[in-house]
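# Structural characterization, general
Below, each chain spelled out in residue letters.
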Amino acid sequence: MENVMFALITSGVLALSFVLVTVLKYKFTAKKKCLLGRHVMVTGGSSGIGKCIALKAAKIGANVTIVARNENRLRSALEEIKGQCLNSDQKFNYLSVDLAGDYNMVKTTFNKAIDEMGPLYLFINCAGMAICGTLEDVSTNDIMKMINTNLISTIQATKAIVNEMKQNGYGSIVITSSLASFCGIYGLSVYSATKFALRGFAEALSMETKNFGVKVTLALPPDTDTPGYANESKDKPLETLLISETAKLFTPEEVGRQILQDTLDGRFFSTVGFEGHIMTISCAGMAPYTSYLELICQVFCAGILRLITVYYQSTFDKIIKKCKFDREHSKTNKT
């Protein structure tokens, strides 16, 4: 009986939340910025979400610089991006640099690109990776690789451009985190730690830049069908795979388009899908708010939406317990 009542309450809350989220999607926002002739730089721009953002920016007239380590993939991606340009006056460039490496090299490389391509209008951090496994199964090398790729590269890349953007007095910086910055997931302990850190970085950075005319957007992609996602799925624990299957898998085009749209609208949070909106409302904390409607939803809905997060958490716990039971049962049968 208790389970039935909980299911009914949760269903009602889900329906109410869906209405609220739909309203929130159509809130008043700042007048969209125009990217025609503006310089957009995208790290992690050779594939996945980053490349999709670069493609979209090129289509609406931006001058685009993509940044990654693999030069061959950069060349290939840049040719694809050039093919989407709006007019012949647009400029395109790529930078092959290790963003987690020597900071002076990162700074010098970025400065040269800005001199050639013009002042930065949008700087979008999309470099990232996930290596799945429980904490005891993840090697120390893999731990450092995730910290360097997800966290250090974002901090160093942003440090290299933030002072100039503040001096210019305009522009936006995107920090691409994940829904894992709100919710730790089985098999993603280190990955979640780096993404939680990026949320704190984005909130603090927003405080540092907003009085200089520079906005910060924290992008929170759900599971997205990118080459990186396909690669990480090969080694996912069963529990992680089953938990991932409880939510929709989005395309990089959908996510990239939404990140660019939310950034141009001046939003702090950028989310895709129902779960993302639920998490930003229920876990808003000290994050900046974009509109009074968004603030009202956060104030009055956070408590109600806690029921939904508890429902998800109990679902995940059941998955984990069942996997543990099945393994133990299988070992018993073998002996």
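Residues numbered from 1 in each chain as written. Predicted model: local features only at pLDDT ≥ 70, side-chain atom pairs only at ≥ 80, totals over all residues. Heavy atoms only, no water.

## A short note on the overall build of the chain
- Scanning the chain for helices and strands turns up eleven helices and seven strands.
- The burial tally for the chain puts 47% of its 335 residues in the buried class.
- Counted over contacts in the chain with a minimum sequence separation of 6, partners at least 24 positions apart contribute 74%. (Helix = DSSP H or I, 4+ residues; strand = E, 2+ residues; numbered from the N terminus. Buried < 20%, exposed > 50% of the residue type's maximum accessible area, 1.4 Å probe, protein only. Contact = heavy atoms within 4.5 Å.)

## Quick look at the UniProt feature "transmembrane region" (unreviewed entry) in the chain
- Feature annotation in UniProt places "transmembrane region" (unreviewed entry) on residues 6-24 and 169-191, given in this structure's numbering.
- In this annotation, residues 169-191 is assigned 13% helix and 22% strand; the end-to-end C-alpha distance for the span is 34 Å. (UniProt positions renumbered as here; feature names shortened; annotations may be inferred.)

## Observations regarding helix α5 (residues 140-168)
- The first and last C-alpha atoms of α5 sit 41 Å apart over 29 residues, in line with the 42 Å expected at 1.5 Å per residue.
- Approximately 40° is the largest bend angle found in α5, and it occurs at asparagine 148.
- In the segment just after α5, glycine 169 is the residue with positive phi, at about 85°. (Expected span 1.5 Å × (residues − 1). Bend = angle between axes of the 7 residues up to and from the residue.)

## Thoughts on the packing of aromatic side chains
- All told, the structure shown has seven aromatic pairs when counted by the stated rule.
- Their ring planes at 40° and their centres at 5.8 Å tell us that tyrosine 121 and tyrosine 170 sit as a pair that is tilted. Here the residue tyrosine 121 occupies a position in strand β4 (residues 120-125), and tyrosine 170 occupies one in the loop between α5 and β5 (172-176), the gap between them amounting to 49 residues.
- Tyrosine 121 sits in the buried class, given a relative accessible area of 8%.
- On the basis of an interplanar angle of 70° and a centroid distance of 5.9 Å, the ring pair of phenylalanine 182 and phenylalanine 269 is categorised as edge-to-face. (Phe/Tyr/Trp six-rings, centres within 6.5 Å; stacked < 30°, edge-to-face > 60°.)

## Observations regarding helix α11 (residues 292-334)
- Helix length check: α11 (43 residues) gives 61 Å between terminal C-alpha atoms against 63 Å at 1.5 Å per residue, within 8%.
- A bend of about 60° at alanine 302 is the largest found in α11.
- Within α11 the residues assigned to the buried category are Glu294, Cys297, Gln298, Cys301, Leu305, Ile308, Thr309, Phe316, Ile319 and Cys323.

## Quick notes on the sheet that holds β4
- If you trace the seven strands from one edge of the open sheet to the other, you get β3-β2-β1-β4-β5-β6-β7, paired in parallel fashion. For this open sheet the edge positions go to β3 (92-96) and β7 (269-271), each flanked by a neighbour on one side alone. For this sheet, the mean inter-axis angle between neighbouring strands, taken without regard to orientation, is 15°.
- Sheet topology places β4 next to β5; four bridges connect them, and they run parallel. Bridge pairing links leucine 122 to serine 172 in β5. (Pairing = 2+ DSSP bridges. Axes fitted to C-alpha atoms, helices over the stretch in contact; angles between N-to-C directions.)

## Considering the pattern of salt bridges
- Per the stated rule, a full pass over the model turns up eleven salt bridges.
- Its salt-bridge partner being glutamate 203, residue arginine 199 comes within 2.9 Å of it at the nearest N-O pair. Linking arginine 199 with glutamate 203, this pair stays in helix α6 (residues 189-209), spanning four residues, or about one helical turn.
- Among the ionic pairs, arginine 267 bridges to aspartate 262, the shortest N-O distance being 3.6 Å.
- Look at the salt bridges and you will find they share partners, linking Asp262, Arg267 and Glu294 into a network. (Salt bridge = Lys/Arg side-chain N within 4 Å of Asp/Glu carboxyl O.)

## Topic: the nonpolar core
- Counting residues in each nonpolar core, the largest one holds 32 residues, and the members touching the most others are Met41, Phe110, Phe123, Ile161, Ile173 and Ile175.
- Every element with two or more residues in this core is listed here: α4 (103-117), β4, α5, β5, α6 and β6 (215-220).
- It is α5 that provides the largest number of residues to this core, a total of six residues.
- Setting aside its immediate chain neighbours within four residues, phenylalanine 123 contacts Met41, Thr43, Phe110, Ala157, Thr158, Ile161, Met165, Ser172, Ile173 and Val174.
- In terms of nonpolar packing, the next biggest core, distinct from the first, is built from 30 residues, Ile53, Ala62, Phe92 and Ala219 among them. (Core = buried A, V, L, I, M, F, W, Y, C linked by side-chain atoms within 4.5 Å.)

## Details of the environment of lysine 56
- Structurally, the position occupied by lysine 56 is in helix α2 (residues 48-59).
- Among the residues examined, lysine 56 registers a relative accessible area of 33% and is labelled partly exposed.
- Distance in space between the C-alpha atoms of lysine 56 and glycine 256 is 7.9 Å, their sequence separation being 200 residues.

## Notes on the side chain of glutamate 239
- Its location among the elements puts glutamate 239 in helix α8 (residues 238-244).
- The buried category is assigned to glutamate 239, whose relative accessible area is 2%.

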